[in-house]
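# Residue-level structural notes
Here's the letter readout for the chains.
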Amino acid sequence: MASHSDTLVVFFGATAGANGGKLGSDEREIILLVWQIVDLHEKKVGKLHKCHVKPDSLELTDQCKEETGLTLDEIIKAEPLDKVLQQFQQSVSSEVKCLGRNSYTLCVNSPLIIRQALHPEASKKNLVLPECFFSFVDVRKEFHKCCPNAGPAQKLTLTSMLEYVGLPAVSEQMMGVREVMGMVQLTLCILDEPYNHKFSCVETVKYKFDSGTCSKTEPVDNETVIRARGLPWQSSDQDIARFFKGLNIAKGGVALCLNAQGRRNGEALVRFINSEHRDLALERHKHHMGSRYIEVYKATGEEFLKIAGGTSNEVAQFLSKENQVIIRMRGLPFTATPQEVLSFLGPESPVTDGGEGLLFVKYPDGRPTGDAFVLFSCEEYAQNALKKHKQILGKRYIELFRSTAAEVQQVLNRYMSTPLISTLPPSPIVPVPVLATPPFLPAASSTRDCIRLRGLPYTAGIEDILEFMAEHTVDIKPHGVHMVLNQQGRPSGDAFIQMKSPDKAFMVAQKCHKKTMKDRYVEVFQCSTEEMSIVLMGGTLNRSGLSPPPCKLPCLSPPTAYAAFPTPPAILSEAALYQPPLLAAPRPPQTTAHSPAHTLAYYPPQPHLYMNMNMNYTAYYPSPPVSPSTVSYFAAPPGAMAAAVAAQSHPAAAAASPVLSQPGALVRMQGLPYNAGVKDILSFFQGYQYAPDEYSGMVQMSEQARSLIQPKEWLCL
């Protein structure tokens, strides 16, 4: 502390690029250090020292050459930064000891040399700075405290301060020497009468980032938060704190952002202790983390709380232990117990407080998600745990990743509440036609009069599909082409086409399968309108075929509802909570070059998009970065809703369906052995809930299903 120090070390530095108020903003290395000791008791000064520093990049800007008067030849002969810092520490310690003093504190004209130049460069070069560089006094703030009428501290310059106390400007021409001599004169002046100033405004640099929790009710100043963009996906909160080395981040002030799929999106919100540090952080815009440049922008306290804030007492208690390393485990068996997890980690990586250092992530109904967070007391234990990445527990391999306190909050918030789907706009509060379907949405049927195109180029349009089908375009039903788009409204590479008859669909599938479109072969499969409707009502499209989601509806939160059609008076029921996939709006009938005598109505991917009633949207649950891609499941409509839709078109068929009349979710199984029976399926789903009185009617396999690529089963859970 300066108030208890015997001496001040007036310190100055310059870089190979911008200096003055922009020092450190261009990531240039330090090339010059100048210092001189001031005895606070005797009011005496020591010898002035000047050292050149050899940077790794031997290049000086024209501005630097002009301001410092240094040449490249002088810099090449100098020692690197680590050697110069050793010389500094030895020289200062020896001189302070000769003066009979015990301690010293750095005194600078601006915090930039410490916060924006020295600490960032040392961090990049993995240098351990002497302890003296973690505290200092700013002569401008000390002068403002001594002479408050001189003006704001941020606007004070060395020349203006010397002029205010009646001292002449230093005539020395050499940069560094001039600044140090001026600061020494100013220091001696305010130490003497009539000021008798005591240096007490000590600033500190944090040794390390402190993790912690943040409550949603905690006030966060908008002037202390920034958004960092372009971060490597595997970066941790410690990596981000290292990028901002020299600036003090608030406890728990790093919140890594997750995208809609729950993976890190390369952004983070960082909260600093005050606006001064935030402003310095903004000067690091487009500085580099490894080979990537990082963009830094202003953010708000509300944005930070949205990501990092939490209200769970369980999470707060779990994260209350300070200075812990957090590891995330993914893929745990649902039946895994704390003791099994501890045994898996082994004695070489002991968990903090045993079972108390484990936090299992669960759904709102208490079911496990397969995720857990683990606390370790030191880096060594965490490293030992990470070595078990993809090792087997039970019959599953387990993924382990570094995590953060903010990520714990986000994951728990997402699982325990509504998933965040930022790509969807806010919900308009308007009535929605519940069971009405557009005239072009086909009624479900097992007749195999449709084809599915898979593997289309993302740039493919309707004209490309018509050209691909050549002479078969005359057999397409009016309004029969359906381009399937993903959640971002972009082409998914799939399309469904309704043909005039099953024979026509079979012919197209035979002749066009693996035919080339824009240097890509396209797979063509015959399918039914029922299967197509499954996709349009919430099923998934994957490489194995069509399947509804293998998850229960209570785990999903319905997305925004849109009014896509004229809205007659209707009661918003369960069906109104689900939306259709994105389809392209129909064009009016047109005559094509392939068939002058026939008119075709189809759906272009642009410019008009609308949403139907039962949108397939991904159930976004958090997944750690750099982990294997997980299947994106889509929400299937409730049984009651599907039955209502079916009843509208086929009342008799709906009355005869025992499965769709049940509330719950339909699960399709693919890859079943051909000799698998009901008992085998019930054994496979042991532990899941289903209606006991309906188990005899759970499995339905039609001859049409047997003729598909793989056998398929439907099960009501």
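Each chain carries its own residue numbering, running from 1 in the direction its sequence is written. Where totals are concerned, whole chains, interfaces and linings use all residues; where local detail is concerned, this predicted model gives features only for residues with pLDDT of at least 70, and gives and counts side-chain atom pairs only at 80 or more. To obtain the side-chain values, all non-hydrogen atoms of the structure were included, while hydrogens and water were left out.

### Description of the overall build of the chain
Heads up, the condition is: Numbering of helices and strands runs from the N terminus, with a helix taken as a DSSP run of H or I at least four residues long and a strand as a DSSP run of E at least two residues long. Only protein chains enter the accessibility calculation, which uses a 1.4 Å probe; a residue whose area is less than 20% of its type maximum is buried, one above 50% is exposed, and one in between is partly exposed. For this analysis, residues touch if any pair of their heavy atoms sits within 4.5 Å. Accessible surface is estimated by sampling points in the Shrake-Rupley manner with a 1.4 Å probe; for residues, cover comes only from the protein chains shown.
From N to C terminus, the chain includes 21 helices and 32 strands. Here the chain holds 717 residues, and the buried ones make up 51% of them. For the chain, long-range pairs separated by at least 24 residues make up 74% of all intrachain contacts whose partners lie at least 6 apart in sequence. Here the chain has roughly 33,400 Å² of accessible surface; of this, 53% comes from carbon and sulfur atoms.

### Here we look at a nonpolar patch on the surface
The condition is simple: Patches here are clusters of residues that have more than 30% relative accessible area and form no salt bridge, with a 9 Å joining cutoff for like charges and a 5 Å cutoff for nonpolar side chains (Val, Leu, Ile, Met, Phe, Trp, Tyr). Each salt bridge in this description consists of a side-chain nitrogen of Lys or Arg and a carboxyl oxygen of Asp or Glu lying within 4 Å of one another.
A cluster of nonpolar side chains, Leu 58, Leu 72 and Ile 76, forms an exposed patch at the surface whose accessible area comes to about 210 Å². Among the structural elements, Leu 58 can be located in the loop between β4 (49–52) and α1 (62–68).

### Points about the sheet that holds strand β16 (residues 358–362)
Rule in force here: Two strands make a pair as long as DSSP finds a minimum of two bridges between them. Each axis is a line fitted through C-alpha atoms, and for a helix only the stretch in contact is used; angles between axes span 0 to 180 degrees, taken between their N-to-C directions.
If you trace the 5 strands from one edge of the open sheet to the other, you get β16-β17-β15-β19-β18, paired in antiparallel fashion. Looking at strand neighbours, the two that pair on one side only are β16 and β18 (391–393), the edges of this open sheet. Pairwise comparison of adjacent strand axes, ignoring direction, gives a mean angle of 35 degrees for this sheet. When strand β15 (residues 325–330) meets strand β19 (residues 396–402), the two strands line up antiparallel, connected through 4 bridges. When the sheet's bridge partners are listed, Met 329 is paired in β19 with Leu 400. Contacting β15, β16, β17 (368–376), β18 and β19, helix α12 (residues 338–345) runs over the sheet at an angle of about 125 degrees to β16. Of the strands in this sheet, β15, β17 and β19 are in contact with helix α13 (residues 379–386), which crosses β19 at around 145 degrees.

### A word on the confidence of the model for the chain
So the rule is basically this: pLDDT: the predictor's confidence for each residue, scored from 0 to 100.
Averaged over all residues, the pLDDT of the chain equals 76, while 71% of them reach at least 70. Here residues 549–646 is a poorly scored stretch, pLDDT under 50, and it has 287 contacts once near neighbours within four places are set aside; other chains count.

### Describing the pattern of salt bridges
As a working rule, side chains carrying opposite charge can pair if their charged atoms are close by. Evaluation of the coordinates by the stated rule reveals 29 salt bridges. Notably, a salt bridge pairs Asp 39 with Arg 101, separated by 3.1 Å at the nearest N-O pair. With a gap of 62 residues between them, Asp 39 in strand β2 (residues 30–39) and Arg 101 in the loop between α3 (81–98) and β5 (104–108) connect regions that are remote in the sequence. Note on accessibility: Asp 39 and Arg 101 belong to one class, buried. The partner of Lys 141 in a salt bridge is Glu 203, and the shortest N-O contact between them spans 2.9 Å. In this pair, Lys 141 is assigned in helix α5 (residues 139–146) and Glu 203 in strand β7 (residues 202–204), connecting sequence segments 62 residues apart.

### A look at unusual backbone geometry
For the bond running from Glu 193 to Pro 194, omega is 0 degrees, close enough to zero to count as cis. Mapped onto the secondary structure, Pro 194 falls in the loop between α7 (177–191) and β7. Phi at Ala 470 takes a positive value of approximately 50 degrees, unusual for a residue other than glycine. Residue Ala 470 is classed as buried on the basis of its relative accessible area of 18%.

### Some details on the sheet that holds strand β11 (residues 264–272)
Each strand in a sheet pairs with its neighbour through backbone hydrogen bonds, running either in the same direction (parallel) or in the opposite one (antiparallel). Ordered by their spatial adjacency, 5 strands build an open sheet running β10-β11-β9-β13-β12, and the pairing between neighbours is antiparallel. For this open sheet the edge positions go to β10 (249–258) and β12 (287–289), each flanked by a neighbour on one side alone. Each strand axis lies, on average, 30 degrees off the axis of its neighbour in the sheet, ignoring direction. Inspection of the sheet shows strand β9 (residues 225–229) paired to strand β13 (residues 292–298) by 4 bridges, in the antiparallel sense. If you follow Ile 226 over to β13, its bridge partner there is Lys 298. Its contacts with the sheet place helix α10 (residues 301–308) against β9, β10 and β11, and it is angled at close to 70 degrees to β10.

### Overview of the packing of aromatic side chains
In plain terms, the rule: Ring geometry is summarised as follows: Phe, Tyr and Trp rings, the Trp one being its six-membered ring, pair when their centres sit within 6.5 Å, and such pairs are stacked at plane angles under 30 degrees, edge-to-face over 60 and tilted between the two.
Evaluated as defined, the whole model comprises 8 aromatic pairs. Centre to centre, the rings of Phe 11 and Phe 88 are 5.5 Å apart; their planes meet at 75 degrees, and the pair counts as edge-to-face. Residue Phe 11 is found in strand β1 (residues 7–15), and its partner Phe 88 is found in helix α3; the two are separated by 77 residues along the sequence. Pair check on accessibility: Phe 11 and Phe 88 agree, each one buried.

### Re α3
One turn of an α-helix holds 3.6 residues; hence residues three or four places apart share an orientation. To be explicit about the condition: In this scheme, a helix's expected span is set at 1.5 Å multiplied by one less than its residue total. The directions from the helix axis to the C-beta atoms form the arc being described.
For α3, built from 18 residues, the straight-helix expectation of 26 Å at 1.5 Å per residue is met to within 8% by its first-to-last C-alpha distance of 26 Å. Buried residues of α3: Leu 81, Val 84, Leu 85, Phe 88, Val 92, Glu 95 and Val 96, and no others. On an axial view of α3, the arc spanned by its buried residues comes to 105 degrees, and they lie on one face. Facing away from the buried side of α3 by over 90 degrees, the exposed positions are Gln 90, Lys 97 and Cys 98. On its buried face, α3 is in contact with β1, β2, β4, β5 and α4 (112–124).

### Structural notes on the environment of Leu 32
Note on placement: Leu 32 falls in strand β2. Considering only alpha carbons, one finds Leu 32 and Cys 51, 19 residues apart in sequence, at a separation of 5.9 Å. Once residues within four sequence positions are removed from consideration, Leu 32 is found in contact with Phe 12, Gly 13, Ala 14, Lys 50, Cys 51, His 52, Val 53, Leu 70 and Met 175.

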